[in-house]
Amino acid sequence: MNWTLEVVPIPVTDMDRAKAFYSEKAGFTLDLDDEVAPGMRIIQMTPPGSRCSIAMLKGMPAFPGEKVMAPGTLHGLQVCVTDIEAAREELVGRGVDVSPIRHVGATGWEEGKGGTWNSFMSFADPDGNGWVIQEAPSELSAR
């Protein structure tokens, strides 16, 4: 049996602002924007080429036993690209405030590309939820 990560909830304060950021600036595809019950809205979006989506929820009660994350508290979400320089150019061109490309070196984080699997950059959504982008040597289907 496969256990696939399919949806990650993202805590946001303003659903429409987050929807605009993720679609217009981050380039995610809008999969769903629906009021599933009175006062309960779900926006689901997917990064280009990913099998895992993000979901922004409003008015939905927490699953029993689960805690609710405050907007801006989700950090370390990581996506991979095969060309980090092109990905950075695309995000900057869309108006995203992206960090410089960095790698882990002898003294910690250093600017510039590193070797295989060792090139990263980061950005945050309007609420401060943090994303890391890592360069992978090939598409997932080829690994």
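Procedures and definitions
- Residues numbered from 1 in each chain as written.
- Predicted model: local features only at pLDDT ≥ 70, side-chain atom pairs only at ≥ 80, totals over all residues.
- Heavy atoms only, no water.
- Buried < 20%, exposed > 50% of the residue type's maximum accessible area, 1.4 Å probe, protein only.
- Helix = DSSP H or I, 4+ residues; strand = E, 2+ residues; numbered from the N terminus.
- Arc of directions from axis to C-beta.
- Contact = heavy atoms within 4.5 Å.
- Polar contact = N/O pair within 3.5 Å; in protein donor to acceptor, adjacent residues only side chain to side chain.
- 1 Å grid on protein atoms, 1.4 Å probe; cavity = no way out; pocket = protein on both sides within 12 Å on 5 of 7 lines; lining within 4 Å.
- Points joined across faces, edges and corners; volume = space filled by probe spheres on them.
- Nonpolar A, V, L, I, M, F, W, Y, C, P; charged D, E, K, R; others polar.

Visitor: Could you clarify how one ought to interpret helix α2 (residues 84–93) in this entry?
Guide: An α-helix turns once per 3.6 residues; consequently, residues spaced three or four apart project the same way. Of all the positions in α2, only Ile84, Ala87 and Leu91 are classed as buried. Down the axis of α2, the buried set is contained in an arc of 60 degrees. They therefore lie on one face. Residues of α2 that are exposed and angled more than 90 degrees away from the buried face: Glu89 and Gly93. As for α2, its buried residues are in contact with α1 (15–25), β5 (77–81), β8 (120–124) and β9 (130–135). N-cap assignment for α2: the residue whose side-chain oxygen lies 3.2 Å from the backbone N of Glu85 is Asp83.

Visitor: How should I be thinking about the layout of surface pockets in this particular structure?
Guide: If you roll a probe as big as a water molecule over the atoms, it shows you where there is empty space left. Taken as a whole, the largest pocket spans an internal volume of roughly 1000 Å³. If you trace the largest pocket, you find 31 residues lining it, with Pro47, Pro48, Ser50, Val79 and Cys80 closest to the centre. With 5 residues, the top contributor of residues to the lining of the largest pocket is β5. Here the lining of the largest pocket is composed, by residue class, of 20 nonpolar, 6 polar and 5 charged. Space inside the second largest pocket adds up to approximately 520 Å³.

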